[in-house]
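Commentary on secondary and tertiary structure
Below, each chain spelled out in residue letters.
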Amino acid sequence: MKNDFIHLIENELLKKVILESKKAHDPIVVKNTPAGWTCVGAGNYAAVFMHDTDSNLVVKINAVGVENLEKEAEIYRRIGKHPAYSYLVHQGTNYLILKRLEGITLYNAFAKGIRIPEKVIDDINKALDYARKCGLNPYDIHGKNVMMKDGRGYVVDVSDFYKEGKDEKWEDFVKAYYKLYKKTLYKFPMKIPFKALDFIRYGYRFYKKIRRKLLRVI
Ligand SMILES: Nc1ncnc2c1ncn2[C@@H]1O[C@H](COP(=O)(O)OP(=O)(O)O)[C@@H](O)[C@H]1O
Ligand SMILES: [Mg+2]
């Protein structure tokens, strides 16, 4: 079964798919998805696909170089099997086969006005603690890299866990969840337009950059 799937990837998906990387902070654009495949998500470095015949697996194709792929595979080997993470099924030349996580990203939960329960945040906090115990550094954890399903939280992107330094995105997300979200949208869920969400993402990056610069001169 696994060999058939690899054959499908290497002879169909990889040969026909067209991925474009436009701007540094914009997601990869998928230009051509071969028949039988569905794009389940795109990040800044990779696009992720599922095939009609196996909804338990996804294929993550790196659009910008393969050097990070080896690192990501190694991170998954360290994490092993944990309920809040996907796991590595196979490492290909420029792709990974991963267990598919069902549900929606927290970013899409905001967009769709779906309430995010506290348990989801707890699960993700625990999963990140577990990664630290495995010697990893949870990095680049934001709304598009975490998911929820049936009230439980999952971490969907571990690719930057090898990086050094402190990344405050998740810490800030948790603060905003308790200080703002619990008092407003949690009580009165409503859809947030993608444009507004992206504005917040850009605004956040801008704010962090300015703050870093100010800290350097103060
Ligand atoms: N194992 C998975 N199961 C289901 N969806 C996934 C999985 N991995 C990634 N995705 C989807 O694809 C998107 C992009 O994948 P991601 O690993 O975040 O790529 P990048 O490293 O480029 O940020 C995610 O936001 C998510 O929606
Ligand atoms: Mg990502």
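Attention in this report is confined to the structure presented alongside it. (Residues numbered from 1 in each chain as written. Chains lettered and ligands numbered in written order. Predicted model: local features only at pLDDT ≥ 70, side-chain atom pairs only at ≥ 80, totals over all residues. Heavy atoms only, no water.)

**Considerations on the sheet that holds strand 9 (residues 146-149)**
- In space, the three strands of this open sheet follow the order 8-9-10, with antiparallel pairing throughout. Looking at strand neighbours, the two that pair on one side only are strand 8 (104-105) and strand 10 (152-155), the edges of this open sheet.
- Here two bridges tie strand 8 to strand 9, and the two strands are oriented antiparallel to one another. By the bridge assignment, threonine 105 is partnered in strand 9 with methionine 147. (Pairing = 2+ DSSP bridges. Helix = DSSP H or I, 4+ residues; strand = E, 2+ residues; numbered from the N terminus.)

**So, the environment of glutamate 10**
- Relative to the helices and strands, glutamate 10 resides in helix 1 (residues 2-16).
- Of the residues examined, glutamate 10 reaches a relative accessible area of 35% and is grouped as partly exposed.
- Residues glutamate 10 and lysine 81, spaced 71 residues apart in sequence, show a C-alpha to C-alpha distance of 26 Å.
- Setting aside anything within four residues of it in sequence, one finds glutamate 10 in contact with Lys15 and Tyr95.
- Side chain to side chain, glutamate 10 and tyrosine 95 meet in a polar contact 2.6 Å long. (Buried < 20%, exposed > 50% of the residue type's maximum accessible area, 1.4 Å probe, protein only. Contact = heavy atoms within 4.5 Å. Polar contact = N/O pair within 3.5 Å; in protein donor to acceptor, adjacent residues only side chain to side chain.)

**Overview of the coordination of the magnesium ion (ligand 2)**
- The protein atoms donating to the magnesium ion (ligand 2) are Asn145 (OD1) and Asp157 (OD), with metal-donor distances spanning 2.2 Å. Taken together, the positions of asparagine 145 in the loop between helix 4 (118-133) and strand 9 and aspartate 157 in the loop between strand 10 and helix 5 (169-179) put the pair twelve residues apart, joining distant regions of the chain.
- For asparagine 145, a relative accessible area of 7% gives the class buried. (Donors = N, O, S within 2.8 Å, 3.2 Å for Na, K, Ca; no water.)

**A closer look at the nonpolar core**
- Ranked by internal contacts, the top residues of the largest apolar core, which has 41 residues, are Tyr85, Ile116, Val155, Phe161 and Trp170.
- Sorting elements by how many residues they give to this core places helix 4 first, with six residues.
- For this core, the domains that each give at least three residues are domain 1 (2-99) and domain 2 (104-217).
- Discounting residues that sit within four places of it in the chain, valine 155 has contacts with Ala84, Tyr85, Ser86, Leu101, Ile124, Ala127, Leu128, Ile141, Asn145, Val146 and Phe161.
- Ile28, Trp37, Phe49 and Leu57 belong to the second largest nonpolar core, which has 14 residues in total. (Core = buried A, V, L, I, M, F, W, Y, C linked by side-chain atoms within 4.5 Å. Domains from an automatic or database assignment.)

**Remarks on the side chain of asparagine 145**
- A polar contact of 3.4 Å, which involves the side chain of asparagine 145, links it to the side chain of aspartate 157.
- The residues contacting asparagine 145, other than those within four sequence positions of it, are Asp140, Tyr154, Val155, Val156 and Asp157.

**Regarding the sheet that holds strand 4 (residues 46-51)**
- Strands sit in the order 3-4-5-7-6 across an open sheet of five strands; the sheet is antiparallel. Of all strands in the sheet, those bounded by a partner on one side alone are strand 3 (37-42) and strand 6 (88-91). With direction set aside, neighbouring strand axes in the sheet form an average angle of 25°.
- Of the strand pairs in this sheet, strand 5 (residues 54-62) and strand 7 (residues 95-99) are connected by five bridges, and their pairing is antiparallel. The residue of strand 7 that forms the bridge with lysine 60 is leucine 96.
- Taken strand by strand, helix 2 (residues 67-79) contacts strand 5, strand 6 and strand 7, and its axis lies near 150° from that of strand 6. (Axes fitted to C-alpha atoms, helices over the stretch in contact; angles between N-to-C directions.)

Note that every value here comes from positions in space, so none of it alone points to a role or purpose.
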